Structures are given as C-alpha cells and as structure tokens.
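Understanding the architecture of this molecule
Residue-level listing of the chains:
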Amino acid sequence: MGKAAAVQTVKNGGNVLLVSRSADKLQQAKEQIETACGGNIGRVKTRALDATDEAAVQAFANELSSEDWEFDALIVSAAGRAPHGPMTELPTADTRSMMETKFWTAYNAAKYINPKLREGGSITFVSGVLGRRPGINCCPLAVTNGALEGLTRSLALELGPRLRVNCLSPGFCDTERFDRMDTDRKAAMLANTADSLPLRRVGESSDMGEAIHYLATAKFVTGVVLDVDGGHSIRQYANSNSDPMRKQSD
Ligand SMILES: NC(=O)c1ccc[n+]([C@@H]2O[C@H](COP(=O)([O-])OP(=O)(O)OC[C@H]3O[C@@H](n4cnc5c(N)ncnc54)[C@H](OP(=O)(O)O)[C@@H]3O)[C@@H](O)[C@H]2O)c1
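Since we're looking at a predicted model, the values are computed, not measured.

1. Comments concerning the environment of Lys-102
- Structurally, Lys-102 is set in helix H4 (residues 92-113).
- You can call Lys-102 buried: its relative accessible area is 8%.
- C-alpha separation for the pair Lys-102 and Gly-128, spaced 26 residues apart in sequence, amounts to 11 Å.
- Dropping the residues within four chain positions of it, Lys-102 is found in contact with Ala-78, Ala-79, Val-126, Ser-127, Gly-128, Leu-141, Thr-144, Asn-145 and Leu-148.
- Polar contacts involving the side chain of Lys-102 include one to the main-chain carbonyl oxygen of Ser-127, which spans 2.7 Å.
- Polar side-chain contacts of Lys-102 include one of 2.8 Å to the side chain of Asn-145.

What follows is the structure, given as structure tokens:
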C-alpha cells in the first residue's frame, strides 16, 4: 500500500521518500514505482529504517532538515506479521510485536516527523477493518487498529490547524503481505472474502493508493477514518446458509 501511495504521489507531480527496514526491498520498490510512472524520473528516494526504534526515527527526522525537498505529507503503512488465534493461546509477546510494528512505528514517525512537515500538510495512518468489525481470533489487529484510530483523532486536534491527520481503514487487499502464503490457500482466502463482500472483490493496492492520496491532499478533511473495504464493514453472513434471515426468505 505504501508503494501504491507513492505511485499516486509521483503521478500527481510529487516526490517520494520511501522508508522501510530492507534496503533491497526499497530498491525494488523504487524501480517498480518509477516503471509505473513512466521510467527513471528521479523523484523517488529511499532510506532503510526500523521505525520501531524511537532514537533512529528521531535521528532520521533530524536528517530531513538537510534534505533537498520539503515535505507535505507523512504516510505510515508499516506493519509486521499479524498473529491470529484465541487470546488465551497466543503468546502476549506476539501481540506486543504487532503493536510495535504497526502502532509504535506510526507514533514515533508522527512524533518526530510532524515538525518537519510544511504548514497545511498532513499525516495519514493506516488501520484496518478488523478494528471496528473484528473477526474471531483477530484481537491483536483489532486492538492495534483501534489505537491508531484514537491517535488519529487526538492528533487531528493537537496538530490542527497546521496539519491534518487522517486514517485509512482498508478491507482485505491483495498485497505482498500474503505472498508467503501457500498459493492455493491464498487463492481460497481471496475468493471466499470476495464472495462475502457487497462489491464481490477484494481490494487492490491501487484502491488504497488512491484513497491515501485523497486523505493526504483533501484540504477540509481531518480526524476521519475512511473505510475503503468493498463494503466489508456492512457485510452480512459470508455464507447464506448460516444467515437465519436469508434462510427464512429462501
Ligand atoms: N493487506 C490487507 O489486506 C490489509 C487489510 C487491512 C489493513 N491492512 C494494513 O494496511 C497496512 C499496509 O498493509 P500492506 O498489505 O501494504 O502490508 P505489507 O505489504 O506487509 O507492507 C508493510 C510494510 O511495512 C514495512 N515495515 C514493517 N515493519 C517495519 C518497521 N519496523 N519499520 C519500517 N518499515 C516496516 C515492511 O517493509 P520491510 O520489511 O522492508 O520493513 C513492509 O513493506 C498495514 O498496516 C496493514 O496492517 C492491510
């Protein structure tokens, strides 16, 4: 999703500084973004950084002052592996790790990078549908998403009117996050989810890139959580056979 947001930014005339932990992945991402935007246009820079490391984020923010560019927007879409399972069985350390890579990365970035953003700029976080419409055995993602949405509203108050702060809440989206899954299992998961949604498809990265770009640039929008989920948050029973209302009318 971060890459898709970068593509939208570059297509709309902006420059991007893309950050994640892996220098190799960043190099590939830079090439993919430039290809998607028509070739080597020199508007994408990269920097390897573990955003869970508060001191490293602070040092990175200080470097931004000497960057050639001024920054209008901070977009944080980082997240590590999401643990799934009953709370009583999941190691608490796994949930803490989810909070580290998804919540504290966003918190650190917002805390140290917000002063570097231009007046009238914005911060966009990414939560997820499992926050307000949780699934069974998804408590780590639910609590992390809830924390990010709370951070969104409180920072929108604290940093306004200088900056706007918003949050994208994606539904299921076919990104590289699922590339490590067994191919058949992944295909079944995508098909089942698509079948349960009002729009009958899962999200594509570009859906999220467009929505992030909207939040980052919409001048009268702050403190909102935007659901971009194909209707997941209003979906009914995934299988009509288990829906008592539909069974009655069938
Ligand atoms: N895909 C979905 O279905 C879905 C649905 C709802 C919500 N979301 C949320 O949407 C966001 C983006 O998801 P995605 O599907 O684009 O995930 P993704 O493909 O796994 O991308 C997440 C990126 O975060 C980076 N990252 C992880 N830990 C980091 C750290 N400590 N410091 C810096 N970078 C870090 C990773 O790069 P490195 O490994 O190089 O660090 C990775 O490229 C996540 O917050 C996810 O929870 C996704």
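2. Observations regarding the site of the ligand
- Near the ligand, the surroundings consist of 24 residues, among which Ser-20, Arg-21, Lys-102, Cys-173 and Thr-175 are the closest.
- Between the ligand and Arg-21 there is a distance of 2.7 Å, counted from an oxygen atom to a side-chain nitrogen or oxygen.
- Ser-22 is positioned such that a nitrogen or oxygen atom in its backbone is 3.1 Å from an oxygen atom of the ligand.
- A total of 870 Å² of accessible area belongs to the ligand in isolation, and the protein chains cover 87% of it.
- Classifying every residue of the shell around the ligand gives ten nonpolar, nine polar and five charged.

3. Side note on the side chain of Glu-149
- Its location among the elements puts Glu-149 in helix H5 (residues 139-159).
- Owing to a relative accessible area of 3%, Glu-149 belongs among the buried residues under this scheme.
- For Glu-149, the residues in contact, after removing those within four places along its chain, are Ser-127, Gly-128, Arg-132, Cys-167, Ser-169 and Val-225.

4. Details of H4
- Taking 1.5 Å per residue, 22 residues should reach 32 Å; H4 reaches 30 Å between its end C-alpha atoms and fits that length.
- If you look at H4, its biggest bend is around 35°, right at Glu-100.
- Of all the positions in H4, only Thr-95, Met-98, Thr-101, Lys-102, Phe-103, Thr-105, Ala-106, Asn-108, Ala-109, Ala-110, Tyr-112 and Ile-113 are classed as buried.

5. A closer look at unusual backbone geometry
- With an omega of 0°, the peptide bond between Gly-160 and Pro-161 qualifies as cis.
- Positive phi, close to 70°, is recorded for Asn-137, a residue that is not glycine.
- Mapped onto the elements, Asn-137 comes out in the loop between strand E4 (117-126) and H5.
- Within the chain, Arg-200 stands out as a residue other than glycine whose phi angle is a positive 55°.
- Mapped onto the elements of the fold, Arg-200 is located in the loop between helix H6 (183-196) and helix H7 (205-217).

Cut-offs and rules
- Residues numbered from 1 in each chain as written.
- Predicted model: local features only at pLDDT ≥ 70, side-chain atom pairs only at ≥ 80, totals over all residues.
- Heavy atoms only, no water.
- Helix = DSSP H or I, 4+ residues; strand = E, 2+ residues; numbered from the N terminus.
- Buried < 20%, exposed > 50% of the residue type's maximum accessible area, 1.4 Å probe, protein only.
- Contact = heavy atoms within 4.5 Å.
- Polar contact = N/O pair within 3.5 Å; in protein donor to acceptor, adjacent residues only side chain to side chain.
- Near = heavy atom within 4 Å.
- Areas by Shrake-Rupley, 256 points an atom, 1.4 Å probe, with all protein chains shown as cover.
- Nonpolar A, V, L, I, M, F, W, Y, C, P; charged D, E, K, R; others polar.
- Expected span 1.5 Å × (residues − 1).
- Bend = angle between axes of the 7 residues up to and from the residue.

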